[in-house]
Amino acid sequence: LLIGQETHDLDFAVQGSGLSLARYLAEQLGGSFVALDRKRRTGRVLLSRPTNSPQYLDVASLRGDDLLADLKGRDFTLNAIAIAPTKDGNWQIHDPLKGRQDLSQDILRMASLSSFDDDPVRTLRAVRMQLQFSCRIEPRTRARLSKAVSLLHRVSAERVRDEWFKILQLTDTATALDEMDQLGLLQEIAPPIAHSKDLGHALDTVRATERLWATLGGTSARTHPGGELPLSESLRALGPHIRQRYTDQICDERSYLALLKCAALLHSAGAAPTTLAERWRLSKREADLLQTATRHYPDVATLAEQANTGRRAIYRFFSQTGEPGIDSAILSLAHTMAERGGEQERGNWMLQTQTVGRLLEAWFEHQGT
């Protein structure tokens, strides 16, 4: 709110049980209740707005005896800011750690020396917030972060997964992944990827995926560093269908776009997607998407090379892949871009985008028939 950005969640710190109050609010407001952290008595209320996008109310029990103690126990100074009602009915800002000052100077600073030890998942959150708010991690904070990376095993797999997929949802995920690699975080989250000799290509494929997404209308292509990509008219025409798919959620708060970027990261690492999906506690549907996309993306380039996208070839392709064939098709383009360093031979590139266009048209408009 202080920097004028739209927010879809409100966080409450309350005396008593945040779990009980969250459950009560869900009942009264017609929302859904989720227990986020029973140990810290934190619950979430999910509300449906007219736009069908979710709005969250997170209700947590105070960490300590009062609001001051609670704020000092937060992760970063810019998150240690609260507003509270006064006796005369107004609102007062509480900012004991000078978070507004750090916010104005684009600095991400730990709230205390024990911030990362208290909750190691904050190491991941720091990387995400650095990009999300265009700030820099303060040197002493960065040093403490690096030492705490090895503590991530203490955190539940579900909490690590949730923060990991928030990073995959960022506009510039590749930069965040590169930062994670430098900090040693990628080795903790996905060891096969961090150890892969093709990590550079994998990161380039994530960048290519984001450029494709920008060109197809997910974000402004004009502001993307690589600019707009040349694509066949058949593929451009499917922009609304593609935008709908990749803005939709596949499970909980995880979008198809985040899963597509994950597939782009995994596709050349020699990692077993199902093993990592199990490590991240993903659903079977998510695991199947990763497995199918990374296995069948080469088939699309083969179809393009053979100029073979007739009805029988399309039927055979989707018989093997099902719905995740959509993701295989998009991944094939991203892989080609990364492999050729963005310098595609125009004729071959346009032929491949035409092939992808025909495949996706068959699925979106004829449900794969």
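This is a predicted model, so every value here is computed, not measured.

### Some words on the overall build of the protein chain
For the protein chain, the count of helices and strands is 19 helices and 10 strands. Taking 2.2 N^0.38 as the reference for a compact globule, 369 residues should give roughly 21 Å; the C-alpha atoms of the protein chain span a radius of gyration of 23 Å, in line with that estimate. With the C-alpha coordinates of the protein chain rotated into their principal frame, the extents come out at 75 × 45 × 40 Å. Each of the 369 residues in the protein chain was classed as buried or not, and the buried ones make up 48%. Looking at the protein chain alone, contacts between residues at least 24 apart form 65% of all its contacts between residues at least 6 apart. Of the accessible surface of the protein chain, which amounts to about 18,500 Å², a share of 47% is contributed by carbon and sulfur atoms. Between the centroid of the 46 positive side chains of the protein chain and the centroid of its 46 negative side chains there is a distance of 2 Å.

### A look at the packing of aromatic side chains
Tallying each qualifying case throughout the model produces six aromatic pairs. Taken together, a centroid distance of 5.1 Å and an interplanar angle of 80 degrees make the contact between F317 and F318 edge-to-face. For F317, a relative accessible area of 3% translates into the label buried. Overall, the relative accessible area of 6% leaves F318 in the buried class. Through a chain of ring-to-ring contacts, three or more aromatic side chains come together here, namely W164, F165 and W280.

### Observations concerning the nonpolar core
The nonpolar side chains of a soluble globular protein tend to be buried with one another. The biggest cluster of nonpolar side chains holds 92 residues, and the ones touching the most others in it are W164, M180, W280 and L360. Take this core: its biggest share by element is 10 residues, from helix α14 (residues 256–266). For L360, the residues in contact, after removing those within four places along its chain, are L235, L238, I242, I326, A329, I330 and E365. By size, the runner-up hydrophobic cluster in this structure holds seven residues, among which are V14, L47, L57 and V59.

### Side note on the packing of helix α16 (residues 284–305) against helix α18 (residues 325–339)
For any two helices packed against each other, one specifies the crossing angle of their axes together with the interaxial distance. One way to put it is that α16 packs onto α18 with a least axis distance of 7 Å and a crossing angle of 60 degrees. Our classification of the angle between α16 and α18 gives oblique. Once α16 is placed against α18, the crossing between them reads as right-handed. Contact with α16, carried on its side by L289, T292, A293, T294, H296, Y297 and V300, involves D327, S328, A329, L331, S332 and H335 of α18 and no other residues of that element. Here the residues of the contact of α16 with α18 are counted per class, giving six nonpolar, six polar and one charged.

### What to know about α16
Side chains three or four residues apart in an α-helix point the same way, a direct result of the helix having 3.6 residues per turn. With 22 residues, α16 extends 33 Å from end C-alpha to end C-alpha; this agrees with the ideal 32 Å at 1.5 Å per step. Within α16, the axis deviates most sharply at H296, by approximately 40 degrees, and proline P298 lies no more than four positions further along. Looking only at α16, the buried set comprises E286, A287, L289, L290, T292, A293, T294, H296, Y297, V300, L303 and A304. A307 sits one or two positions beyond α16 and adopts a positive phi of about 50 degrees.

### Re the pairing of strand β2 (residues 32–37)
Summarising the sheet, β2 and strand β3 (residues 42–48) pair through five bridges and their orientation is antiparallel. In the strand pairing of β3, A35 is matched with G43. In this structure, the hairpin formed by β2 and β3 is closed by a connection of four residues, where R41 is found at a positive phi of approximately 50 degrees.

### Structural notes on a nonpolar patch on the surface
A contiguous nonpolar surface patch, about 530 Å² in accessible area, is contributed by L2, I3, I83, W91 and I93. Assignment of secondary structure puts I3 in the segment before β1 (9–14).

### Looking at the pattern of salt bridges
Under the criterion given, the structure shown has 22 salt bridges. One salt bridge connects R161 with D162, and the closest N-O pair in it is separated by 3.0 Å. Residues D288 and K284 are paired through a salt bridge, measuring 2.8 Å at the closest nitrogen-oxygen approach. Separated by four residues within a single helix, D288 and K284 lie in helix α16, roughly one turn from each other.

The rules behind the values
- Residues numbered from 1 in each chain as written.
- Predicted model: local features only at pLDDT ≥ 70, side-chain atom pairs only at ≥ 80, totals over all residues.
- Heavy atoms only, no water.
- Helix = DSSP H or I, 4+ residues; strand = E, 2+ residues; numbered from the N terminus.
- Rg over C-alpha atoms; globule rule 2.2 N^0.38 Å.
- Buried < 20%, exposed > 50% of the residue type's maximum accessible area, 1.4 Å probe, protein only.
- Contact = heavy atoms within 4.5 Å.
- Areas by Shrake-Rupley, 256 points an atom, 1.4 Å probe, with all protein chains shown as cover.
- Lys, Arg positive; Asp, Glu negative; His and termini not counted.
- Charge placed at Lys NZ, Arg CZ, Asp CG, Glu CD.
- Phe/Tyr/Trp six-rings, centres within 6.5 Å; stacked < 30°, edge-to-face > 60°.
- Core = buried A, V, L, I, M, F, W, Y, C linked by side-chain atoms within 4.5 Å.
- Axes fitted to C-alpha atoms, helices over the stretch in contact; angles between N-to-C directions.
- Parallel < 35°, antiparallel > 145°, perpendicular 65-115°, else oblique.
- Left-handed = near helix turned anticlockwise from the far one by under 90°.
- Nonpolar A, V, L, I, M, F, W, Y, C, P; charged D, E, K, R; others polar.
- Expected span 1.5 Å × (residues − 1).
- Bend = angle between axes of the 7 residues up to and from the residue.
- Pairing = 2+ DSSP bridges.
- Patch = residues over 30% accessible without salt bridge, like charges linked within 9 Å, V, L, I, M, F, W, Y side chains within 5 Å.
- Salt bridge = Lys/Arg side-chain N within 4 Å of Asp/Glu carboxyl O.

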